[in-house]
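Secondary and tertiary structure notes
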Amino acid sequence: MNIFFDFDGTLIDSHQRLYKLFQYLIPESWFSFDEYWNLKRDQIDHKTILQNYFSISDSNLFEKEWMKKIEAKKYLDLDIPYEGVSEYLIQLKKKYNLYLVTDRQLKSGVYYQLKNFGWIGFFDAVLITAKKCSKEDLIKPYLLSNTDNYIVGDTGKDIIAGKNLKIKSIAVTNGFLSEKILKKYEPDAIFRKVTEFYPE
């Protein structure tokens, strides 16, 4: 069995990183942590937030700076693994093939965190789009026709990837989207956190 895990919001808690960067880029922001994430979990994008709350009509500069800084080590150091994930991956690794698949830009940042979390060697392959291809493109060569394949993630894009690949999609609700939003994508199952998911 193959299990393809998303990284940010699925295995690791990146909420502080994204919130802190937003506050840095928009110094006039009065958002609390919860106010920011209530909007984001309802799938309100930054462009809409900037227009509706800060009267910023041109979000191009914001997006450019966001992409430039979001994977800097000073922000990556704000990420932490969700509780119990290390032990969870160790147990799964005994029985299944595990893959990490992420839409990150930089390989260096991914491996920096894997080393910090003690996760080097946990995955059969680490697949990084580098914003040059899709998750589907990366996953496809690793699919096996004689076994079940799962993709586990916290966004609609992860669920869509599973459907496009005709594999089972598992959504978790403690990441970047609410359960209400995730249900619209019709995943095969929804769990509150990744450690609640065990393949049948």
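None of these values were measured; they are calculated from a predicted model.

1. Observations regarding the overall build of the protein
Counting secondary structure elements, the protein contains ten helices and eight strands. Its C-alpha radius of gyration of 17 Å places the protein within 12% of the 16 Å reference for a compact globule of 200 residues. Reported as C-alpha extents along the three principal axes, the dimensions of the protein are approximately 55 × 35 × 30 Å. Looking at the protein as a whole, 50% of its 200 residues are labelled buried. The long-range fraction of contacts in the protein, counting pairs at least 24 apart against all pairs at least 6 apart in sequence, stands at 67%. If you sum the accessible surface of the protein, you get close to 10,300 Å²; carbon and sulfur atoms cover 50% of it. Each charge class in the protein was averaged separately, 29 positive and 28 negative side chains, and the resulting centres sit 4 Å apart.

2. Section: the side chain of Q113
Inspection of the secondary structure puts Q113 in helix α7 (residues 107-117). Among the polar contacts listed, one links the side chain of Q113 to the side chain of D79, at a separation of 2.9 Å. Residue contacts for Q113: discarding those within four places in its chain leaves F7, I12, L76, D79 and R104.

3. A look at helix α3 (residues 46-54)
The set of residues buried in α3 consists of H46, I49, L50 and F54. Down the axis of α3, the buried side of the element spans an arc of 95°, and every buried residue falls inside it. Elements that come into contact with the buried residues of α3 comprise α1 (15-25), α2 (33-41) and α4 (60-69). Backbone geometry just downstream of α3 places S55 in the positive-phi region, at approximately 55°.

4. Considerations on the packing of aromatic side chains
Within this structure, the stated rule accounts for 22 aromatic pairs. Centroid distance W119 to F122: 6.5 Å. Interplanar angle 20°. Geometry classified as stacked. For W119, a relative accessible area of 0% corresponds to the buried category. A cation sits over an aromatic face here: K74 above Y24, 6.0 Å from the ring centre.

5. A closer look at the pairing of strand β7 (residues 168-172)
β7 sits mainly inside the fold: four of its five residues count as buried. Taken together, strand β6 (residues 149-153), helix α9 (residues 156-165) and β7 form a β-α-β motif whose crossover is right-handed. Tracing the backbone out of β7, into helix α10 (residues 179-184) and back to the parallel element strand β8 (residues 189-191) gives a crossover that is right-handed.

6. A closer look at the nonpolar core
Membership of the largest hydrophobic core comes to 27 residues, with the highest contact counts inside it found for I3, F5, F7, L11, L89, W119 and F123. Going through the elements one at a time, β1 (2-5), α6 (85-93), β4 (97-102), α7, β6 and β7 are the ones with two or more residues in this core. Ranked by residue count, the leading element in this core is α6, at four residues. The contacts of I3, once residues within four sequence positions are left out, are L92, Y96, N97, L98, Y99, Y150, V152, F197 and P199.

7. Some points on unusual backbone geometry
Phi is positive for S55, close to 55°, though the residue is something other than glycine. Looking at S55, the relative accessible area reads 69%, which means it is exposed. You will see that K131, though not glycine, has its phi angle at about 60°, which is positive. Examined against the element boundaries, K131 turns out to sit in the loop between β5 (125-128) and α8 (135-139). You can call K131 partly exposed: its relative accessible area is 46%.

8. A few points about the pattern of salt bridges
The final tally for this structure, using the stated rule, is 14 salt bridges. Residues D79 and R104 are paired through a salt bridge, measuring 3.9 Å at the closest nitrogen-oxygen approach. Residue D79 is found in the loop between α5 (73-76) and β3 (80-81), and its partner R104 is found in the loop between β4 and α7; the two are separated by 25 residues along the sequence. On the basis of relative accessibility, which here comes to 3%, the residue D79 falls in the buried class. For R192, the salt bridge is made with E196, and the minimal N-O distance between the two is 3.6 Å. Beyond isolated ion pairs, a larger network of salt bridges with shared partners links D8, R17, D79 and R104.

Cut-off values and rules
The numbering scheme is per chain: residues are counted from 1 as the chain's sequence reads. The predicted origin of the model limits local features to residues at a pLDDT of at least 70 and limits the giving and counting of side-chain atom pairs to 80 or more, whereas totals for whole chains, interfaces and linings rest on all residues. Here the side-chain values reflect all heavy atoms present in the structure, with hydrogen atoms and water set aside. Elements are defined by DSSP. Helices are runs of H or I of four residues or more, strands are runs of E of two residues or more, and each kind is numbered from the N terminus. Throughout, the radius of gyration refers to the C-alpha atoms, and the reference size of a globule is 2.2 Å times the residue count to the power 0.38. The cut-offs for exposure are 20% and 50% of the maximum accessible area for each residue type, with area from a 1.4 Å probe on protein chains only; residues under the lower value are buried, those over the upper are exposed, and the others partly exposed. Whether two residues are in contact is decided by their heavy atoms: any pair within 4.5 Å suffices. In short, Shrake-Rupley with a 1.4 Å probe defines the accessible areas, and a residue's cover is counted only from the protein chains shown. We treat Lys and Arg as the positive residues and Asp and Glu as the negative residues; His and chain ends play no part in the count. Every charge is mapped onto a representative atom, which is NZ of Lys, CZ of Arg, CG of Asp or CD of Glu. Two N or O atoms form a polar contact when they lie within 3.5 Å of each other; inside protein one atom must be a possible hydrogen donor and the other a possible acceptor, and for residues adjacent in sequence the pair counts only when both atoms belong to side chains. What the arc measures is the spread of directions leading from the helix axis to the C-beta atoms. Aromatic contacts are taken between Phe, Tyr and Trp rings whose centres are within 6.5 Å, Trp giving its six-membered ring; a plane angle under 30 degrees counts as stacked, one over 60 as edge-to-face, and the others as tilted. For a Lys NZ or an Arg CZ to count as sitting over a ring, it must be within 6 Å of the ring centre and within 35 degrees of the ring normal. The definition of a right-handed crossover adopted here requires that, viewed with the strands pointing away, the path from the first strand over the helix to the second runs clockwise. Definition of nonpolar core: a set of buried residues of the types Ala, Val, Leu, Ile, Met, Phe, Trp, Tyr and Cys, connected through side-chain atoms within 4.5 Å. Any Lys or Arg side-chain nitrogen found within 4 Å of a carboxyl oxygen on Asp or Glu counts as a salt bridge.

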